[in-house]
Amino acid sequence: MHSIGNRVAALRSGLGRAGLACALVAGLAPTLILGVGAGQAQAAPLPGGLGPCVPGDCPDPFPGINNGPFAGRDNGINIFVGNDFLVRGRAAEAEGRIVVLDDFDMAKDTGGSSVYNVGIVGVGSRVPPPDGADFLTTGGDITVAPGQRLLAEGGVVRYGGTVTGTVEGTLVHDPDAAQPYLPLRDQLTAASQCYARVDGTPRPATGTAVNQGYQTLFTGDGTSALQVFNVDFDLTGPGGGQQGIAFANIPDDATILVNIVGANRVINTYSGGIDDATDPFNAYRERLLWNFPDATSVNLTGTGQFQGSVLVGQQASMTTVSLPGMDGRFLTTGSLTHTSAQTGVEFHSYPFNGDLPDCGGEPQPVTGEVRVEKTDAETGDPLAGAEFELWEETNGTPGLQTSGADPDTRVGDTCTTGTDGLCARTVETGTYYWRETAAPDGYDLPNP
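This structure is a prediction, so every number in the text was calculated from the model and none was measured.

Reading guide: rules and limits
- Residues numbered from 1 in each chain as written.
- Predicted model: local features only at pLDDT ≥ 70, side-chain atom pairs only at ≥ 80, totals over all residues.
- Heavy atoms only, no water.
- Helix = DSSP H or I, 4+ residues; strand = E, 2+ residues; numbered from the N terminus.
- Buried < 20%, exposed > 50% of the residue type's maximum accessible area, 1.4 Å probe, protein only.
- Areas by Shrake-Rupley, 256 points an atom, 1.4 Å probe, with all protein chains shown as cover.
- Pairing = 2+ DSSP bridges.
- Phe/Tyr/Trp six-rings, centres within 6.5 Å; stacked < 30°, edge-to-face > 60°.
- Lys NZ or Arg CZ within 6 Å of the ring centre and 35° of its normal.
- Axes fitted to C-alpha atoms, helices over the stretch in contact; angles between N-to-C directions.
- Disulfide = S-S within 2.5 Å.

**Topic: the overall build of the protein chain**
Then, in step 1: Looking only at helices and strands, the protein chain has one helix and 36 strands in total.
Then, in step 2: Looking at the protein chain as a whole, 54% of its 448 residues qualify as buried.
Then, in step 3: For the protein chain, the computed accessible surface area is about 17200 Å², with 50% contributed by carbon and sulfur atoms.

**A few points about the sheet that holds strand S27 (residues 318–321)**
Then, in step 1: The eight strands are arranged S13-S11-S8-S5-S30-S27-S24-S22 in an open sheet whose pairing can be described as parallel. Each end of this open sheet is capped by a strand with a single partner; those strands are strand S13 (163–164) and strand S22 (264–269).
Then, in step 2: Bridge analysis of S22 against strand S24 (residues 297–302) gives six bridges, and the strand direction is parallel. Within the sheet, the bridge partner assigned to Arg265 lies in S24 and is Val298.

**Quick word on the packing of aromatic side chains**
Then, in step 1: Scanning all chains against the criterion turns up 15 aromatic pairs.
Then, in step 2: The interplanar angle of 75° and the centroid separation of 6.1 Å between the aromatic rings of Phe281 and Phe306 together place this pair among those described as edge-to-face. Residue Phe281 is found in the loop between S22 and strand S23 (288–292), and its partner Phe306 is found in strand S25 (residues 305–307); the two are separated by 25 residues along the sequence.
Then, in step 3: Note on Phe281: relative accessible area 1%, which makes it buried.
Then, in step 4: Seen from their ring centres, Phe388 and Trp434 are 6.1 Å apart, and the 80° between their planes marks the pair as edge-to-face. Note that Phe388 is positioned in strand S33 (residues 387–392) and Trp434 in strand S36 (residues 430–438), a separation of 46 residues in sequence.
Then, in step 5: Overall, Trp434 belongs to the buried group, its relative accessible area being 1%.
Then, in step 6: Arg285 extends its terminal NZ or CZ atom over the ring of Tyr350, reaching a point 4.1 Å from the ring centre.

**Notes on the pairing of strand S9 (residues 115–119)**
Then, in step 1: Taken across its five residues, S9 has five buried, putting it largely inside the fold.
Then, in step 2: In this structure, S9 lies alongside strand S12 (residues 149–159), joined through three bridges in parallel fashion. In the sheet register, Asn117 faces S12, and the bridge partner there is Leu151.

**A few points about the sheet that holds strand S20 (residues 244–248)**
Then, in step 1: In spatial order, the strands read S17-S18-S20; together these three strands make up an open sheet with mixed pairing. Here the strands that pair on one side only, and so sit at the sheet edges, are strand S17 (208–211) and S20. Geometrically, the sheet is characterised by an average inter-axis angle of 15° between neighbouring strands, direction not taken into account.
Then, in step 2: Sheet topology note: the strand S18 (residues 215–219)/S20 ladder contains five bridges and is parallel. When the sheet's bridge partners are listed, Thr216 is paired in S20 with Ile245.

**Thoughts on unusual backbone geometry**
Then, in step 1: Following Asp60, the chain continues into Pro61 via a peptide bond in cis, with omega recorded as 0°.
Then, in step 2: If you trace the backbone, Pro61 turns up in the loop between strand S3 (30–36) and strand S4 (77–81).
Then, in step 3: With a phi angle near 65°, Arg126 is a residue other than glycine that sits in the positive phi range.
Then, in step 4: Residue class for Arg126 comes out buried when judged on its relative accessible area of 13%.
Then, in step 5: At Asn249, a residue that is not glycine, the phi angle is positive and equals roughly 60°.
Then, in step 6: The topology assignment puts Asn249 in the loop between S20 and strand S21 (255–260).

**Focus: the state of the cysteines**
Here, the word disulfide means a covalent bond between the sulfur atoms of two cysteines.
Then, in step 1: Counted under the stated rule, the structure contains three disulfides.
Then, in step 2: There is a disulfide in this structure between Cys53 and Cys58, and the S-S distance comes to 2.1 Å. Torsion about the S-S bond of the Cys53 and Cys58 cystine: about -90°, corresponding to left-handed handedness.
Then, in step 3: Note on Cys58: relative accessible area 29%, which makes it partly exposed.
Then, in step 4: Cys194 shares a disulfide with Cys359; S-S distance 1.8 Å. Taking the sign of the torsion about the S-S bond as the criterion, the disulfide between Cys194 and Cys359, at about -100°, is left-handed.

Rendered as C-alpha coordinates:
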(Lines give C-alpha, C1' and ligand atoms only; values in the text may rest on other atoms or scores of the structure.)
Protein backbone atom coordinates (compact mmCIF):
# COMPACT_ATOMS: atom_id res chain seq x y z
CA MET A 1 0.00 0.00 0.00
CA HIS A 2 1.28 3.46 -0.88
CA SER A 3 1.70 6.32 1.54
CA ILE A 4 -0.33 9.46 0.96
CA GLY A 5 -0.29 13.10 1.84
CA ASN A 6 -3.11 15.53 2.48
CA ARG A 7 -2.29 19.15 1.78
CA VAL A 8 -4.69 21.70 3.21
CA ALA A 9 -4.80 24.74 0.97
CA ALA A 10 -6.56 28.07 1.08
CA LEU A 11 -5.85 29.70 -2.26
CA ARG A 12 -9.14 31.26 -3.29
CA SER A 13 -10.34 34.05 -1.04
CA GLY A 14 -13.96 34.04 -2.10
CA LEU A 15 -15.03 37.68 -2.13
CA GLY A 16 -11.76 39.44 -1.56
CA ARG A 17 -11.69 40.36 2.16
CA ALA A 18 -11.41 36.96 3.75
CA GLY A 19 -7.94 36.13 4.98
CA LEU A 20 -7.53 32.37 5.02
CA ALA A 21 -5.37 30.63 7.56
CA CYS A 22 -4.96 26.90 7.93
CA ALA A 23 -3.28 24.58 10.40
CA LEU A 24 -2.76 20.89 10.99
CA VAL A 25 -3.70 20.01 14.56
CA ALA A 26 -1.86 17.05 16.03
CA GLY A 27 -4.14 14.06 16.43
CA LEU A 28 -7.04 15.70 14.61
CA ALA A 29 -8.33 16.10 11.11
CA PRO A 30 -6.93 19.03 9.10
CA THR A 31 -8.39 22.23 10.52
CA LEU A 32 -9.16 25.28 8.41
CA ILE A 33 -9.81 28.60 10.07
CA LEU A 34 -11.48 31.05 7.73
CA GLY A 35 -11.64 34.59 8.98
CA VAL A 36 -11.34 38.27 8.26
CA GLY A 37 -7.74 39.43 8.26
CA ALA A 38 -6.60 41.19 11.39
CA GLY A 39 -6.48 44.93 11.12
CA GLN A 40 -8.73 45.09 8.05
CA ALA A 41 -12.05 45.92 9.79
CA GLN A 42 -13.66 49.08 8.50
CA ALA A 43 -17.02 50.67 9.21
CA ALA A 44 -18.08 50.93 5.57
CA PRO A 45 -15.84 49.16 3.08
CA LEU A 46 -16.63 48.23 -0.49
CA PRO A 47 -19.13 45.35 -0.89
CA GLY A 48 -17.95 41.80 -0.38
CA GLY A 49 -14.78 42.91 1.36
CA LEU A 50 -13.27 44.18 -1.88
CA GLY A 51 -10.53 46.75 -1.61
CA PRO A 52 -7.88 45.96 1.01
CA CYS A 53 -4.98 43.60 0.51
CA VAL A 54 -6.00 40.12 1.64
CA PRO A 55 -3.50 39.07 4.27
CA GLY A 56 -0.94 36.58 4.20
CA ASP A 57 1.96 38.67 3.04
CA CYS A 58 0.76 42.25 2.53
CA PRO A 59 3.51 44.87 2.33
CA ASP A 60 3.13 48.01 4.40
CA PRO A 61 3.34 50.31 2.62
CA PHE A 62 2.79 49.06 -0.92
CA PRO A 63 5.79 50.10 -3.01
CA GLY A 64 5.57 52.45 -5.95
CA ILE A 65 5.71 51.13 -9.49
CA ASN A 66 8.88 49.11 -9.96
CA ASN A 67 10.39 46.03 -11.58
CA GLY A 68 12.21 44.71 -8.53
CA PRO A 69 11.69 41.55 -6.46
CA PHE A 70 8.22 40.69 -5.18
CA ALA A 71 7.34 42.98 -2.27
CA GLY A 72 4.67 40.63 -0.89
CA ARG A 73 1.52 38.77 -1.94
CA ASP A 74 -2.10 39.91 -2.18
CA ASN A 75 -4.99 37.47 -2.68
CA GLY A 76 -7.58 40.23 -3.07
CA ILE A 77 -9.41 40.75 -6.34
CA ASN A 78 -7.73 43.57 -8.25
CA ILE A 79 -9.98 43.52 -11.34
CA PHE A 80 -13.65 42.52 -11.31
CA VAL A 81 -15.64 42.49 -14.56
CA GLY A 82 -19.37 41.77 -14.52
CA ASN A 83 -19.61 41.00 -18.26
CA ASP A 84 -16.74 40.50 -20.73
CA PHE A 85 -13.04 41.39 -20.55
CA LEU A 86 -11.63 42.25 -23.99
CA VAL A 87 -7.89 42.61 -24.64
CA ARG A 88 -7.22 44.65 -27.77
CA GLY A 89 -4.62 46.89 -29.40
CA ARG A 90 -1.24 46.59 -27.69
CA ALA A 91 -2.42 46.11 -24.10
CA ALA A 92 0.34 44.42 -22.13
CA GLU A 93 -0.64 43.05 -18.74
CA ALA A 94 -2.95 43.05 -15.74
CA GLU A 95 -1.44 42.55 -12.29
CA GLY A 96 -3.25 40.80 -9.43
CA ARG A 97 -6.29 38.53 -9.29
CA ILE A 98 -8.90 38.93 -12.04
CA VAL A 99 -12.52 37.75 -11.89
CA VAL A 100 -14.67 37.89 -15.04
CA LEU A 101 -18.26 36.69 -14.77
CA ASP A 102 -18.62 36.09 -18.52
CA ASP A 103 -15.94 35.77 -21.24
CA PHE A 104 -12.28 36.71 -21.53
CA ASP A 105 -11.39 37.49 -25.15
CA MET A 106 -7.85 38.35 -26.33
CA ALA A 107 -7.29 39.55 -29.90
CA LYS A 108 -4.44 42.07 -29.95
CA ASP A 109 -3.19 44.01 -32.95
CA THR A 110 -0.51 42.39 -35.07
CA GLY A 111 2.91 43.98 -35.12
CA GLY A 112 3.25 44.33 -31.36
CA SER A 113 3.76 41.90 -28.52
CA SER A 114 1.71 38.74 -28.89
CA VAL A 115 1.41 38.09 -25.13
CA TYR A 116 -0.76 39.38 -22.30
CA ASN A 117 0.26 38.71 -18.69
CA VAL A 118 -2.19 38.23 -15.84
CA GLY A 119 -1.40 37.86 -12.13
CA ILE A 120 2.34 38.46 -12.27
CA VAL A 121 3.65 41.32 -14.40
CA GLY A 122 7.07 42.74 -15.15
CA VAL A 123 6.41 46.26 -13.86
CA GLY A 124 3.84 47.16 -11.22
CA SER A 125 3.48 47.13 -7.46
CA ARG A 126 5.19 43.73 -7.61
CA VAL A 127 2.65 42.34 -5.16
CA PRO A 128 1.13 39.42 -7.07
CA PRO A 129 -1.37 36.83 -5.83
CA PRO A 130 -0.03 33.88 -3.82
CA ASP A 131 1.83 31.23 -5.75
CA GLY A 132 -0.71 28.75 -7.09
CA ALA A 133 -3.72 31.01 -6.49
CA ASP A 134 -6.40 31.69 -9.08
CA PHE A 135 -4.88 34.43 -11.25
CA LEU A 136 -7.83 34.51 -13.67
CA THR A 137 -11.36 33.25 -13.07
CA THR A 138 -14.01 33.33 -15.78
CA GLY A 139 -17.59 32.16 -15.70
CA GLY A 140 -17.63 31.78 -19.49
CA ASP A 141 -15.14 31.11 -22.26
CA ILE A 142 -11.50 32.08 -22.72
CA THR A 143 -10.54 32.88 -26.30
CA VAL A 144 -7.00 33.75 -27.39
CA ALA A 145 -6.37 34.69 -31.02
CA PRO A 146 -4.10 32.47 -33.13
CA GLY A 147 -0.42 33.26 -32.64
CA GLN A 148 -1.03 35.00 -29.31
CA ARG A 149 -0.50 33.79 -25.74
CA LEU A 150 -2.20 34.48 -22.43
CA LEU A 151 0.37 34.06 -19.65
CA ALA A 152 -0.64 33.14 -16.11
CA GLU A 153 2.59 31.47 -15.10
CA GLY A 154 2.68 30.50 -11.44
CA GLY A 155 -1.09 30.62 -11.08
CA VAL A 156 -4.37 28.95 -11.94
CA VAL A 157 -6.71 29.89 -14.78
CA ARG A 158 -10.14 28.69 -13.67
CA TYR A 159 -12.83 28.80 -16.34
CA GLY A 160 -16.45 27.81 -16.59
CA GLY A 161 -16.80 27.43 -20.37
CA THR A 162 -14.20 26.52 -22.96
CA VAL A 163 -10.63 27.51 -23.80
CA THR A 164 -9.58 28.37 -27.35
CA GLY A 165 -5.98 29.28 -28.09
CA THR A 166 -2.79 29.27 -26.04
CA VAL A 167 -2.95 29.77 -22.28
CA GLU A 168 0.16 29.21 -20.18
CA GLY A 169 -0.61 28.40 -16.55
CA THR A 170 -2.53 25.72 -14.68
CA LEU A 171 -5.87 25.31 -16.41
CA VAL A 172 -8.80 24.14 -14.28
CA HIS A 173 -12.23 23.63 -15.82
CA ASP A 174 -14.88 24.44 -13.23
CA PRO A 175 -18.48 25.00 -14.39
CA ASP A 176 -19.10 26.84 -11.10
CA ALA A 177 -15.98 28.99 -11.35
CA ALA A 178 -17.86 32.29 -11.14
CA GLN A 179 -20.45 31.13 -8.61
CA PRO A 180 -18.78 32.59 -5.48
CA TYR A 181 -18.58 36.01 -7.14
CA LEU A 182 -22.04 36.37 -8.70
CA PRO A 183 -23.52 38.40 -5.79
CA LEU A 184 -20.81 41.04 -6.20
CA ARG A 185 -22.32 42.41 -9.41
CA ASP A 186 -25.60 43.58 -7.90
CA GLN A 187 -23.89 44.63 -4.68
CA LEU A 188 -21.49 46.88 -6.60
CA THR A 189 -24.32 48.39 -8.64
CA ALA A 190 -26.27 49.21 -5.48
CA ALA A 191 -23.17 50.63 -3.79
CA SER A 192 -22.32 52.81 -6.78
CA GLN A 193 -25.79 54.37 -6.68
CA CYS A 194 -25.66 54.79 -2.91
CA TYR A 195 -22.27 56.52 -2.99
CA ALA A 196 -23.61 59.03 -5.53
CA ARG A 197 -27.09 59.67 -4.15
CA VAL A 198 -29.06 59.75 -0.91
CA ASP A 199 -32.79 59.12 -1.37
CA GLY A 200 -32.49 60.02 -5.05
CA THR A 201 -30.68 63.33 -4.56
CA PRO A 202 -26.94 63.92 -5.02
CA ARG A 203 -24.86 63.02 -2.00
CA PRO A 204 -23.87 66.27 -0.23
CA ALA A 205 -20.46 67.38 -1.42
CA THR A 206 -17.77 68.48 1.00
CA GLY A 207 -15.73 70.24 -1.69
CA THR A 208 -15.75 71.67 -5.17
CA ALA A 209 -14.53 70.34 -8.51
CA VAL A 210 -13.70 72.91 -11.20
CA ASN A 211 -12.51 72.21 -14.73
CA GLN A 212 -9.97 74.97 -15.32
CA GLY A 213 -9.08 73.79 -18.81
CA TYR A 214 -5.48 72.83 -18.17
CA GLN A 215 -6.56 70.87 -15.08
CA THR A 216 -9.51 69.85 -12.94
CA LEU A 217 -8.96 71.04 -9.39
CA PHE A 218 -10.66 69.26 -6.47
CA THR A 219 -10.68 71.47 -3.37
CA GLY A 220 -11.72 69.83 -0.10
CA ASP A 221 -13.05 71.33 3.11
CA GLY A 222 -9.88 70.54 5.02
CA THR A 223 -11.60 68.66 7.85
CA SER A 224 -13.96 65.87 6.76
CA ALA A 225 -12.70 62.29 6.96
CA LEU A 226 -14.73 61.56 3.80
CA GLN A 227 -14.17 64.13 1.06
CA VAL A 228 -17.06 63.97 -1.45
CA PHE A 229 -16.95 65.58 -4.90
CA ASN A 230 -19.79 65.52 -7.43
CA VAL A 231 -18.77 65.95 -11.08
CA ASP A 232 -21.11 66.35 -14.05
CA PHE A 233 -18.47 67.02 -16.72
CA ASP A 234 -15.60 65.25 -18.49
CA LEU A 235 -12.09 65.61 -17.13
CA THR A 236 -10.65 66.83 -20.41
CA GLY A 237 -8.88 69.91 -21.68
CA PRO A 238 -9.98 72.17 -24.53
CA GLY A 239 -11.21 70.18 -27.51
CA GLY A 240 -11.19 66.98 -25.46
CA GLY A 241 -7.41 67.00 -24.95
CA GLN A 242 -5.39 65.99 -21.93
CA GLN A 243 -5.38 67.88 -18.67
CA GLY A 244 -4.02 67.55 -15.17
CA ILE A 245 -5.78 66.32 -12.02
CA ALA A 246 -5.05 68.12 -8.75
CA PHE A 247 -6.34 67.95 -5.16
CA ALA A 248 -6.11 70.66 -2.53
CA ASN A 249 -7.09 71.03 1.13
CA ILE A 250 -7.45 67.28 1.67
CA PRO A 251 -6.75 66.10 5.25
CA ASP A 252 -4.14 63.44 5.78
CA ASP A 253 -5.68 59.94 5.65
CA ALA A 254 -9.04 61.23 4.37
CA THR A 255 -10.98 59.09 1.91
CA ILE A 256 -11.77 60.82 -1.40
CA LEU A 257 -14.99 59.87 -3.21
CA VAL A 258 -15.42 61.36 -6.70
CA ASN A 259 -18.91 60.76 -8.13
CA ILE A 260 -18.84 61.32 -11.90
CA VAL A 261 -22.44 61.37 -13.14
CA GLY A 262 -23.75 61.25 -16.69
CA ALA A 263 -24.29 58.65 -19.39
CA ASN A 264 -21.01 59.09 -21.30
CA ARG A 265 -17.87 60.16 -19.52
CA VAL A 266 -14.22 60.71 -20.50
CA ILE A 267 -11.09 61.25 -18.42
CA ASN A 268 -8.09 62.27 -20.52
CA THR A 269 -5.12 63.02 -18.31
CA TYR A 270 -1.35 63.16 -18.10
CA SER A 271 -1.35 63.17 -14.28
CA GLY A 272 0.21 60.36 -12.27
CA GLY A 273 3.78 59.20 -12.64
CA ILE A 274 6.03 56.19 -12.26
CA ASP A 275 7.85 57.85 -9.35
CA ASP A 276 5.63 58.51 -6.33
CA ALA A 277 7.98 61.28 -5.22
CA THR A 278 7.47 63.40 -8.33
CA ASP A 279 3.68 63.56 -8.72
CA PRO A 280 1.39 64.61 -5.82
CA PHE A 281 -1.53 62.77 -7.48
CA ASN A 282 0.09 59.46 -6.46
CA ALA A 283 -0.22 60.23 -2.75
CA TYR A 284 -4.02 59.74 -2.81
CA ARG A 285 -3.92 56.35 -4.56
CA GLU A 286 -5.06 53.97 -1.82
CA ARG A 287 -7.88 56.15 -0.44
CA LEU A 288 -9.31 57.51 -3.70
CA LEU A 289 -12.40 56.05 -5.44
CA TRP A 290 -13.71 57.22 -8.81
CA ASN A 291 -17.39 56.26 -8.97
CA PHE A 292 -19.37 56.19 -12.25
CA PRO A 293 -22.97 55.37 -11.20
CA ASP A 294 -24.75 56.22 -14.48
CA ALA A 295 -22.35 55.88 -17.39
CA THR A 296 -22.89 53.27 -20.05
CA SER A 297 -19.69 54.47 -21.75
CA VAL A 298 -16.51 55.33 -19.83
CA ASN A 299 -13.26 56.22 -21.62
CA LEU A 300 -10.08 56.46 -19.53
CA THR A 301 -7.27 57.71 -21.75
CA GLY A 302 -4.17 59.88 -21.87
CA THR A 303 -0.51 59.44 -20.96
CA GLY A 304 -0.62 59.34 -17.16
CA GLN A 305 -0.44 56.67 -14.51
CA PHE A 306 -4.04 56.95 -13.29
CA GLN A 307 -4.24 56.83 -9.51
CA GLY A 308 -7.03 55.40 -7.36
CA SER A 309 -9.66 52.71 -7.65
CA VAL A 310 -12.53 52.78 -10.15
CA LEU A 311 -16.14 51.62 -9.72
CA VAL A 312 -18.52 51.47 -12.71
CA GLY A 313 -22.06 50.69 -11.56
CA GLN A 314 -24.04 50.28 -14.80
CA GLN A 315 -24.24 46.63 -15.81
CA ALA A 316 -24.85 47.50 -19.48
CA SER A 317 -21.69 49.63 -19.63
CA MET A 318 -18.44 49.41 -21.58
CA THR A 319 -15.31 50.93 -20.06
CA THR A 320 -12.34 51.43 -22.35
CA VAL A 321 -8.92 51.82 -20.73
CA SER A 322 -5.95 52.97 -22.81
CA LEU A 323 -3.90 54.80 -20.18
CA PRO A 324 -0.33 53.54 -19.70
CA GLY A 325 -1.13 52.59 -16.10
CA MET A 326 -4.17 52.03 -13.89
CA ASP A 327 -2.96 52.01 -10.29
CA GLY A 328 -5.73 50.71 -8.02
CA ARG A 329 -8.64 48.28 -7.88
CA PHE A 330 -10.78 48.24 -11.00
CA LEU A 331 -14.38 47.14 -10.46
CA THR A 332 -16.96 47.26 -13.23
CA THR A 333 -20.36 45.59 -13.31
CA GLY A 334 -20.31 45.88 -17.10
CA SER A 335 -17.65 45.07 -19.71
CA LEU A 336 -14.03 46.18 -19.97
CA THR A 337 -11.80 46.77 -23.02
CA HIS A 338 -8.08 47.08 -22.37
CA THR A 339 -6.46 48.59 -25.45
CA SER A 340 -3.98 51.11 -26.78
CA ALA A 341 -2.03 52.00 -29.88
CA GLN A 342 1.08 52.28 -27.72
CA THR A 343 2.90 49.41 -26.03
CA GLY A 344 3.15 48.76 -22.31
CA VAL A 345 -0.35 49.72 -21.12
CA GLU A 346 -0.97 47.98 -17.83
CA PHE A 347 -3.17 47.46 -14.78
CA HIS A 348 -1.19 47.59 -11.54
CA SER A 349 -2.36 46.00 -8.28
CA TYR A 350 -2.91 48.42 -5.42
CA PRO A 351 -5.45 48.17 -2.57
CA PHE A 352 -8.27 50.53 -1.68
CA ASN A 353 -8.21 51.27 2.04
CA GLY A 354 -10.79 54.03 2.27
CA ASP A 355 -13.89 54.37 4.47
CA LEU A 356 -16.98 54.88 2.31
CA PRO A 357 -20.56 55.95 3.09
CA ASP A 358 -22.56 53.40 5.06
CA CYS A 359 -25.29 52.34 2.67
CA GLY A 360 -27.17 50.29 5.27
CA GLY A 361 -28.91 47.02 4.50
CA GLU A 362 -27.99 43.63 5.81
CA PRO A 363 -24.26 43.02 5.84
CA GLN A 364 -23.15 40.45 3.28
CA PRO A 365 -21.42 37.40 4.72
CA VAL A 366 -17.72 37.10 4.08
CA THR A 367 -17.01 33.85 2.26
CA GLY A 368 -13.98 32.01 1.03
CA GLU A 369 -12.93 28.65 -0.25
CA VAL A 370 -11.51 25.88 1.94
CA ARG A 371 -9.65 23.23 0.03
CA VAL A 372 -7.78 19.98 0.65
CA GLU A 373 -5.47 18.33 -1.86
CA LYS A 374 -4.82 14.57 -1.93
CA THR A 375 -1.32 13.68 -3.12
CA ASP A 376 1.08 10.77 -3.18
CA ALA A 377 3.56 11.47 -0.38
CA GLU A 378 6.50 10.18 -2.41
CA THR A 379 5.84 11.65 -5.86
CA GLY A 380 3.58 14.58 -5.03
CA ASP A 381 1.19 13.52 -7.78
CA PRO A 382 -2.49 14.41 -7.23
CA LEU A 383 -4.77 11.45 -6.46
CA ALA A 384 -8.34 10.89 -7.57
CA GLY A 385 -10.90 8.86 -5.66
CA ALA A 386 -10.32 10.03 -2.07
CA GLU A 387 -13.54 10.81 -0.19
CA PHE A 388 -13.76 13.69 2.26
CA GLU A 389 -16.37 15.18 4.56
CA LEU A 390 -16.30 18.83 5.59
CA TRP A 391 -17.28 19.68 9.17
CA GLU A 392 -17.74 23.05 10.82
CA GLU A 393 -16.72 23.69 14.41
CA THR A 394 -20.04 24.45 16.15
CA ASN A 395 -20.05 22.84 19.59
CA GLY A 396 -17.34 24.93 21.23
CA THR A 397 -15.13 21.92 21.97
CA PRO A 398 -11.69 22.09 20.32
CA GLY A 399 -11.10 19.44 17.68
CA LEU A 400 -13.54 17.50 15.52
CA GLN A 401 -16.41 15.58 17.11
CA THR A 402 -18.59 13.61 14.66
CA SER A 403 -20.72 11.67 17.15
CA GLY A 404 -22.14 11.87 20.65
CA ALA A 405 -24.76 14.15 22.11
CA ASP A 406 -23.30 17.39 20.71
CA PRO A 407 -21.23 16.81 17.56
CA ASP A 408 -19.89 19.46 15.22
CA THR A 409 -21.90 20.18 12.05
CA ARG A 410 -21.30 18.43 8.77
CA VAL A 411 -21.36 20.73 5.72
CA GLY A 412 -22.76 19.43 2.43
CA ASP A 413 -22.30 16.04 0.82
CA THR A 414 -19.23 13.84 0.63
CA CYS A 415 -16.64 15.17 -1.82
CA THR A 416 -14.59 12.80 -3.99
CA THR A 417 -11.32 14.13 -5.39
CA GLY A 418 -10.98 14.32 -9.16
CA THR A 419 -7.84 14.06 -11.27
CA ASP A 420 -6.56 17.30 -9.72
CA GLY A 421 -6.69 15.68 -6.26
CA LEU A 422 -8.82 18.51 -4.89
CA CYS A 423 -11.92 18.83 -2.74
CA ALA A 424 -13.19 22.36 -2.16
CA ARG A 425 -16.17 24.17 -0.69
CA THR A 426 -17.16 27.86 -0.51
CA VAL A 427 -18.21 28.66 3.06
CA GLU A 428 -18.70 31.56 5.44
CA THR A 429 -16.06 32.49 8.01
CA GLY A 430 -15.47 29.91 10.71
CA THR A 431 -13.34 26.91 11.67
CA TYR A 432 -13.60 23.81 9.49
CA TYR A 433 -12.24 20.26 9.44
CA TRP A 434 -11.69 18.01 6.44
CA ARG A 435 -12.27 14.35 7.41
CA GLU A 436 -11.08 11.69 4.98
CA THR A 437 -13.42 8.70 4.96
CA ALA A 438 -12.06 6.64 2.04
CA ALA A 439 -8.62 6.55 0.42
CA PRO A 440 -8.00 5.97 -3.30
CA ASP A 441 -7.53 2.39 -4.47
CA GLY A 442 -4.13 1.11 -3.40
CA TYR A 443 -3.66 3.68 -0.63
CA ASP A 444 -4.18 3.70 3.14
CA LEU A 445 -6.18 6.20 5.14
CA PRO A 446 -4.05 8.64 7.16
CA ASN A 447 -3.50 7.95 10.84
CA PRO A 448 -5.44 9.53 12.41
